[in-house]
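Observations on chain architecture
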Amino acid sequence: MYANNCFLSKVQHLRAKQIKSLIHSLKQKIKKIEQEGEVGPANCHILRYQVNRNGTVYWYYKLQAAESIFPMATNNEKKTKYKYLGRAGSSAHIDAVEKLTRRNLIDELERIIQSLNESYLHIYIGTETE
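First things first, this report covers the structure right here in the doc.

Criteria and thresholds
- Residues numbered from 1 in each chain as written.
- Predicted model: local features only at pLDDT ≥ 70, side-chain atom pairs only at ≥ 80, totals over all residues.
- Heavy atoms only, no water.
- Pairing = 2+ DSSP bridges.
- Helix = DSSP H or I, 4+ residues; strand = E, 2+ residues; numbered from the N terminus.
- Phe/Tyr/Trp six-rings, centres within 6.5 Å; stacked < 30°, edge-to-face > 60°.
- Buried < 20%, exposed > 50% of the residue type's maximum accessible area, 1.4 Å probe, protein only.
- Lys NZ or Arg CZ within 6 Å of the ring centre and 35° of its normal.

Moving on: the pairing of strand β1 (residues 44–53). With ten bridges joining them, β1 and strand β2 (residues 56–65) adopt antiparallel strand pairing. Opposite C44, over in β2, you have A65 as the bridge partner. Between the end of β1 and the start of β2, which pair antiparallel, lie two residues, with N54 showing a positive phi angle near 55°.

Overall, the coordinates contain three aromatic pairs when judged by the stated rule. Plain terms: the ring middles of Y60 and Y84 are 6.0 Å apart, the flat faces sit at 45° to each other, and that makes the pair tilted. With a gap of 24 residues between them, Y60 in strand β2 and Y84 in strand β5 (residues 82–86) connect regions that are remote in the sequence. By relative accessible area, which is 11% here, Y60 ends up buried. Through pairs of rings, three or more aromatic residues link up here, namely Y49, Y58, Y60 and Y84. One cation-aromatic arrangement involves R48 over W59; the distance from NZ or CZ to the ring centre is 3.7 Å. Over the ring of Y82 we find K62; its NZ or CZ atom is 4.4 Å from the centre of that ring.

Shown next as structure tokens:
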């Protein structure tokens with residue numbers, strides 16, 4: 001605890017307890033998401049791009065990271081920001097969508113938990129008033 005509980009009103013103590021309970025519940029949701037399958041890397045998104053060959057337009061997908069984290073196709077020792085996923089509906093494309101969906105859900109839950117932790121602190125350090 002951040003402060004002595006005897007200085008909190010019953011209402012503040014109840015609200016703090018509810019926040020802690022919600023944080024616990026959200027952490028359990030994160031664990032459940034992680035158990036569903038592999039989670040995509042942070043700071044990545046899927047890009048759609050086109051290639052024009054002999055007058056025909058082809059659409060492909062790639063995974064793009066903020067930093068070079070994927071092994072290059074030609075040299076596994078070097079890293080690149082991109083990972084080729086192929087056409088829409090390919091196994092690599094679907095797999096990347098599922099992994100990034102898990103990543104985005106976890107990231108959002110973690111932002112909510114951070115906000116709730118700040119709310120919890122406001123109750124205990126007295127910056128919140130009744």
